[in-house]
Amino acid sequence: MKTYHSESPEDGQQTDAVSLSPKSSVSNEIIKYLATLFPGRVILWCSQDHTVWLYTDNAATFYGFSMEKLLTLTYVDYRNMIHPDDLEAYDLCSRKIVQILDNDIDPSYWHQHRFIIQYRVWRNTEYFHLREERIVQSPGQKPGGHHSLMSDISEDSPFSNVQLDWYKVSPLGYTKINNYTPQNQKSTLSSRESEILKLLAEGFSSKQIADQLFISVNTVRNHRANLLRKTNSKNVIQILKIAHQ
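One structure accompanies this document, and this report is about it. Every value quoted in this text rests on a predicted model; they were computed, and no experiment measured them.

## Focus on the overall build of the chain
Counting its secondary structure elements, the chain contains nine helices and eight strands. Within the chain, the fraction of its 245 residues that count as buried is 44%. Taking all contacts inside the chain whose residues are at least 6 apart in sequence as the whole, residues at least 24 apart take part in 61%. For the chain, the exposed surface amounts to about 13,100 Å²; the carbon and sulfur share of it is 51%.

Below you can see the structure in the form of structure tokens.
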């Protein structure tokens, strides 16, 4: 099978010249139509050399930048926006996609599959739960590389860990094939999680914790979900027992 190269750049690889741009070779009319179909989401294309084109005009707002600032960002800058606890797992998921494409799917059917990665990305003052739906072009299709549909799902589901799910597309919708959760993800608590655990043990509510730490209630909920996962607890009561140990 034809190898699909879309892994993260190695250290020392030249990426400074690769910038994010809101323009593309796709017609503006098609882009506007796609934006009406997927409101609040960002549609982008990433080439195999990591050139990134942001199609939709809401990209700056979505990532929390002015358009002027967005135009100065490089691919490395975007990677630096990914939560440091999620970055290695994100790279492992990207490599897993390469492995699946190379070994499990006929290249002529690549475009009939969808790869969905969930991870956290920085916006303004906090991280949000991002869902990236990746569509890889079959060899010979233009523009090549892959398209991604980015959406903020923070309000829909609390973040627990980086995960990859992949699907086969049919006329009736998506059929799930499998999922992959990198095993490298840290089981130790982050400094913020430890801080929230301490405040929970002191009897503070999520709203009070959010006000005290100057973060959103939804972010506190995400941290609480991480605490449940990392401590193998079923509820907050079990988490608090750990806090008193």
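## Side note on the pattern of salt bridges
Taken as a whole, this structure holds ten salt bridges when the rule is applied. Aspartate 165 serves as the salt-bridge partner of lysine 176, at 3.0 Å between the closest nitrogen and oxygen. Placement of the pair is lysine 176 in strand β8 (residues 173-180) and aspartate 165 in strand β7 (residues 163-170), with a sequence separation of eleven residues. Its salt-bridge partner being glutamate 195, residue arginine 192 comes within 3.1 Å of it at the nearest N-O pair. Of this pair, arginine 192 and glutamate 195 are both found in helix α6 (residues 191-201), three residues apart, which corresponds to roughly one turn of the helix. For glutamate 195, a relative accessible area of 34% puts it in the partly exposed group. Bridged by salt links that share partners, the residues Arg114, Arg131 and Glu133 form one connected network.

## Quick notes on the pairing of strand β2 (residues 42-46)
In terms of residue burial, β2 counts as a mostly covered element, since five of its five residues are buried. Residues Val42, Leu44 and Cys46 of β2 are buried on one face, and the alternating residues Ile43 and Trp45, pointing to the opposite face, are buried as well. Bridging between β2 and strand β6 (residues 146-152) involves five bridges; their strand directions are antiparallel. Bridge assignment links isoleucine 43 to a residue of β6, and that residue is leucine 149.

## With respect to the nonpolar core
Within the largest apolar cluster, 34 residues are counted, with the highest numbers of intra-cluster contacts made by Tyr63, Phe115, Ile117, Tyr119, Val121, Leu130 and Met150. For this core, the elements supplying multiple residues, two or more each, are β2, α2 (59-63), α4 (75-81), α5 (87-103), β4 (113-123), β5 (126-136) and β7. If you tally residues by element for this core, the top one is α5, at six residues. Discounting chain neighbours no more than four positions away, the residues touching tyrosine 63 are Val42, Leu44, Tyr78, Met81, Val121, Trp122, Arg123, Leu130 and Met150. Among the nonpolar cores identified, the runner-up in size contains eleven residues, and Leu199, Ala210, Leu227 and Ile239 belong to it.

## Here's the deal with the pairing of β7
Bridge count between β4 and β7: six bridges; the pairing is antiparallel. Considered in β7, the bridge of arginine 114 is made with tyrosine 167. Pairing of β7 with β8, which is carried by seven bridges, proceeds in the antiparallel orientation. Within β8, the position partnered with leucine 164 by the bridge is tyrosine 180. Taking the residues between adjacent antiparallel strands as the criterion, β7 and β8 are bridged by two residues.

## Considerations on the side chain of serine 94
Structurally, the position occupied by serine 94 is in helix α5. When residues no more than four places from it in sequence are discounted, the contact partners of serine 94 are Ile117 and Arg134.

## Regarding the packing of helix α7 (residues 206-213) against helix α8 (residues 217-230)
Axis separation between α7 and α8 bottoms out at 8 Å; the angle between their running directions is 110 degrees. Put simply, α7 runs roughly perpendicular to α8. The chirality of how α7 crosses α8 is right-handed. For the pair α7 and α8, contact is made by Ser206, Lys207, Ile209 and Ala210 and by Val217, Val220 and Arg224, respectively. A class-by-class count of the residues in the contact of α7 with α8 yields four nonpolar, one polar and two charged.

## Here's the deal with the side chain of serine 154
As for its position among the elements, serine 154 is in the loop between β6 and β7. At 2.8 Å, the side chain of serine 154 forms a polar contact with the backbone nitrogen of histidine 129. The contacts of serine 154, once residues within four sequence positions are left out, are Phe128, His129 and Asn218.

Criteria and thresholds
Residues numbered from 1 in each chain as written. Predicted model: local features only at pLDDT ≥ 70, side-chain atom pairs only at ≥ 80, totals over all residues. Heavy atoms only, no water. Helix = DSSP H or I, 4+ residues; strand = E, 2+ residues; numbered from the N terminus. Buried < 20%, exposed > 50% of the residue type's maximum accessible area, 1.4 Å probe, protein only. Contact = heavy atoms within 4.5 Å. Areas by Shrake-Rupley, 256 points an atom, 1.4 Å probe, with all protein chains shown as cover. Salt bridge = Lys/Arg side-chain N within 4 Å of Asp/Glu carboxyl O. Pairing = 2+ DSSP bridges. Core = buried A, V, L, I, M, F, W, Y, C linked by side-chain atoms within 4.5 Å. Axes fitted to C-alpha atoms, helices over the stretch in contact; angles between N-to-C directions. Parallel < 35°, antiparallel > 145°, perpendicular 65-115°, else oblique. Left-handed = near helix turned anticlockwise from the far one by under 90°. Nonpolar A, V, L, I, M, F, W, Y, C, P; charged D, E, K, R; others polar. Polar contact = N/O pair within 3.5 Å; in protein donor to acceptor, adjacent residues only side chain to side chain.

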